[in-house]
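Listed below, chain by chain, are the residues.
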Amino acid sequence: MSSPKRRLEATRSVAHRIGEGAVIDVQMHNEASVAGRTTMSIGINLESAQVPDRRYVADTANAIYSDDRIKFLFGQTKLDGGLRSLLIINFAADRLETFLASVDAMQQPSLREIIDHLQLQKVTLEEISREPEQTTSLVANLIGAGVSGREACLDFYHISPFSIVKISSTHKVALDPVVRIHIRTALFEALIDRLKQIKQQVPTGEQT
């Protein structure tokens, strides 16, 4: 029978806490800044990440910047107008630049090429200022986006601080799948344009 000391050591050696999410490998890179400091960046391949179980079909969308967070607003509309439900996703503002860069990196075809090929009409985002009775709020700090023709989807994930501090020693991260948003491609483009406007409000030193 093992002693209490050995059991304690075994507990400390656990890399990621149970329930943090699926554990996947990450790529780590050391980068030297202009100031001579060395920073570490990580690359996460979401193709190996678990797809979120929760799904939400968004008829309308918008985003606002408040309290160092991007609030994604996704709504379902009633047939006679107004919102039936609203999903608010609080997203870390310092991760916005990374997400927009991943969208700009889409090639063969790019988002712009898809829009032009299908001749999709420009969408104007509707202002969402009132919360319907069915309103839910979630948190995320990582997004994966996919576009195919007139349909797009956004997979939101969250990496907890507990998991982040383990990355340097394990080269792995636990991703908690939050929700998958189904959205029209034209609405997705309008949302990206809105996020690029918000990016100008986020302090440069806080963007990654």
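In what follows, the accompanying structure is described. Remember, it's a predicted structure, so these values are computed and weren't measured experimentally. (Residues numbered from 1 in each chain as written. Predicted model: local features only at pLDDT ≥ 70, side-chain atom pairs only at ≥ 80, totals over all residues. Heavy atoms only, no water.)

### Notes on the nonpolar core
- Judged by nonpolar contacts, the single largest core of 42 residues is most densely connected at Ile70, Phe72, Phe74, Phe156, Ile181, Phe188 and Leu195.
- With eight residues, helix 6 (residues 185-199) is the largest single contributor of residues to this core.
- Counting residues in hydrophobic clusters, the runner-up holds nine residues, among them Ile24, Ala49, Ile167 and Leu175. (Core = buried A, V, L, I, M, F, W, Y, C linked by side-chain atoms within 4.5 Å. Buried < 20%, exposed > 50% of the residue type's maximum accessible area, 1.4 Å probe, protein only. Helix = DSSP H or I, 4+ residues; strand = E, 2+ residues; numbered from the N terminus.)

### Side note on the sheet that holds strand 4 (residues 60-66)
- With respect to topology, four strands assemble into an open sheet ordered 4-5-6-7, the strand pairing being mixed. Edge positions in the sheet fall to strand 4 and strand 7 (134-140), since each has one partner strand and no second. Between one strand axis and the next, the sheet turns through 20° on average, direction left out of account.
- Packing against the sheet, helix 6 makes contact with strand 4 and strand 5 (69-77), and its axis sits at approximately 10° to strand 4. (Pairing = 2+ DSSP bridges. Axes fitted to C-alpha atoms, helices over the stretch in contact; angles between N-to-C directions. Contact = heavy atoms within 4.5 Å.)

Purely geometric numbers; function is a separate question.
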